[in-house]
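Overview (structure and organization)
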Amino acid sequence: MIIAPSVLSLDYSDTKKQLDELKKSKATWLHFDVMDGHFVNNLSFGPHVLKTMKKGLDLFYDVHIMVDNPMFFQKVFIDAGADGITFHLEACKDEEECFEVIKEIKNRGKKVGLSIKPNTSVDTLKPFIKELDLVLIMSVEPGFGGQSFIESSIDKIKDLKKLIVESGSNALIQVDGGINDVTGKLCKEAGADVLVAGSYIFNNDIVKAIESLC
Ligand code: DX5
Ligand code: ZN
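Source: prediction; values computed, not measured.

**Digging into the overall build of the protein**
Helices and strands together make up the secondary structure of the protein, namely eight helices and eight strands. Over its C-alpha trace the protein gives a radius of gyration of 16 Å, about what one expects of a compact globule, namely 17 Å for 214 residues. Taken along its principal axes, the extent of the C-alpha atoms in the protein is 45 × 35 × 30 Å. Out of the 214 residues belonging to the protein, those deemed buried represent 52%.

Structure, rendered in structure tokens:
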């Protein structure tokens, strides 16, 4: 199981100490939640924060852009050092735009992920599934950390797993929102490959919390 701590929930009054803990942990990815205040009612951080963290922490920088203009922001964060960009299907005006953003990210040699919100069905992913390195199932409404896991996400993970197997896609299944040792286990059993957790990790002993998700 790949663990991707979400730095949205970091306690920024003591960043270095927590990044040092992450270094000791089994986390191999770092999940960056970029929010533009339009696609979601929250604003998070810009490319400078990613650049700064990358100097001291050698992980896979998994950037989740919850923004209205994914074509613009994928470039901004790839230029800042992102290793993977995951954008939202709901932010694209049509299938063509979604394919264009996928192509642009792949042309830069980065991993590409597509995310769907809780009310968006897995079927909407069908046209893109073979182009993707990752699919992100949002198990909370995007925008804020600390929300409760939406139980129906488990069936979506199972449906997605079926679609990936039937289509011959190599996409990883990532789940994000309300993940802890209990919900993380359910996601793992349903077929998830990557777990994103913010509050569960940074509100507890970082090393132990990550260990409990592996
Ligand atoms: C929500 C973000 C999540 C969030 C996870 O919009 O995409 O990554 O930070 O936070 P927790 O783990 O606290 O639900
Ligand atoms: Zn996220």
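Now that the structure has been shown, we can carry on.
**Let's talk about the nonpolar core**
Among the nonpolar cores identified, the biggest contains 62 residues, and F87 and L160 are the most heavily contacted of them. No other element matches helix α5 (residues 153-167), which puts five residues into this core. Excluding anything up to four places from it in sequence, L160 contacts V122, L125, I129, V135, I137 and I173. Core analysis: the next-biggest nonpolar cluster, separate from the first, contains nine residues, F60, L136, V194 and V196 among them.

**Points about the coordination of the zinc ion (ligand 2)**
Those protein atoms acting as donors to the zinc ion (ligand 2) are H31 (NE2), D33 (OD), H64 (ND1) and D176 (OD), and they sit at 2.0 to 2.3 Å. One can describe the site at the zinc ion (ligand 2) as octahedral: its six donor atoms subtend angles covering 69 to 171 degrees at the metal. Donor residues for the zinc ion (ligand 2), ordered by position in the chain, follow H-x1-D-x30-H-x111-D. Of this pair, H31 sits in strand β2 (residues 29-35) while H64 sits in strand β3 (residues 60-66), placing them 33 residues apart in sequence. Look at H31 and you get buried, because its relative accessible area is 0%. H64 sits in the buried class, given a relative accessible area of 0%.

**Details of helix α4 (residues 95-107)**
Its 13 residues give α4 an end-to-end C-alpha distance of 18 Å, which sits within 8% of 18 Å, the value for a rise of 1.5 Å per residue. Within the span of α4, buried status applies to E97, C98, V101, I102 and I105. Around the axis of α4, the buried residues are gathered within 140 degrees of arc, so they sit on the same side. Exposed side of α4, more than 90 degrees from the buried face: E96, K103 and N107 are the residues found there. Structurally, α4 contributes buried residues whose contacts are with α3 (70-79), β4 (84-88) and β5 (111-116). For α4, the capping residue at the N-terminal end is D94, with a side-chain oxygen 3.2 Å from the backbone nitrogen of E96. A positive backbone phi angle near 75 degrees is found at G109, which sits one or two residues after α4.

**Description of the side chain of S153**
As for its placement among the helices and strands, S153 is situated in helix α5. The buried category is assigned to S153, whose relative accessible area is 3%. At 2.6 Å, the side chain of S153 and the backbone oxygen of I150 are in polar contact. Once you skip the residues sitting within four places of it in the chain, S153 turns out to touch I137, M138 and S139.

**Structural notes on the layout of surface pockets**
Here the largest pocket defines a volume of roughly 170 Å³. Around the largest pocket, the lining residues are Y12, T15, K16, L19, D20, K23, H48, V49, T52, M53, G56 and L57. Secondary structure elements with two or more residues in the lining of the largest pocket: α1 (15-24) and α2 (47-56). A per-class count over the lining of the largest pocket returns five nonpolar, four polar and three charged.

**Describing the packing of α1 against helix α8 (residues 206-213)**
Two elements in contact, α1 and α8, have axes whose closest approach is 9 Å; the angle formed by their N-to-C orientations is 40 degrees. Between α1 and α8, the crossing angle belongs to the class labelled oblique. For the pair α1 and α8, the sense of crossing is right-handed. Judged by residue contacts, Q18, E21, L22 and K24 of α1 engage I206, V207 and I210 from α8. For the contact of α1 with α8, the per-class residue count stands at four nonpolar, one polar and two charged.

The rules we used
Residues numbered from 1 in each chain as written. Chains lettered and ligands numbered in written order. Predicted model: local features only at pLDDT ≥ 70, side-chain atom pairs only at ≥ 80, totals over all residues. Heavy atoms only, no water. Helix = DSSP H or I, 4+ residues; strand = E, 2+ residues; numbered from the N terminus. Rg over C-alpha atoms; globule rule 2.2 N^0.38 Å. Buried < 20%, exposed > 50% of the residue type's maximum accessible area, 1.4 Å probe, protein only. Core = buried A, V, L, I, M, F, W, Y, C linked by side-chain atoms within 4.5 Å. Contact = heavy atoms within 4.5 Å. Donors = N, O, S within 2.8 Å, 3.2 Å for Na, K, Ca; no water. Tetrahedral: all angles 85-135°; square planar, octahedral: opposite > 155°, others 65-115°. Expected span 1.5 Å × (residues − 1). Arc of directions from axis to C-beta. Polar contact = N/O pair within 3.5 Å; in protein donor to acceptor, adjacent residues only side chain to side chain. 1 Å grid on protein atoms, 1.4 Å probe; cavity = no way out; pocket = protein on both sides within 12 Å on 5 of 7 lines; lining within 4 Å. Points joined across faces, edges and corners; volume = space filled by probe spheres on them. Nonpolar A, V, L, I, M, F, W, Y, C, P; charged D, E, K, R; others polar. Axes fitted to C-alpha atoms, helices over the stretch in contact; angles between N-to-C directions. Parallel < 35°, antiparallel > 145°, perpendicular 65-115°, else oblique. Left-handed = near helix turned anticlockwise from the far one by under 90°.

Shape descriptors only; they carry no functional weight alone.
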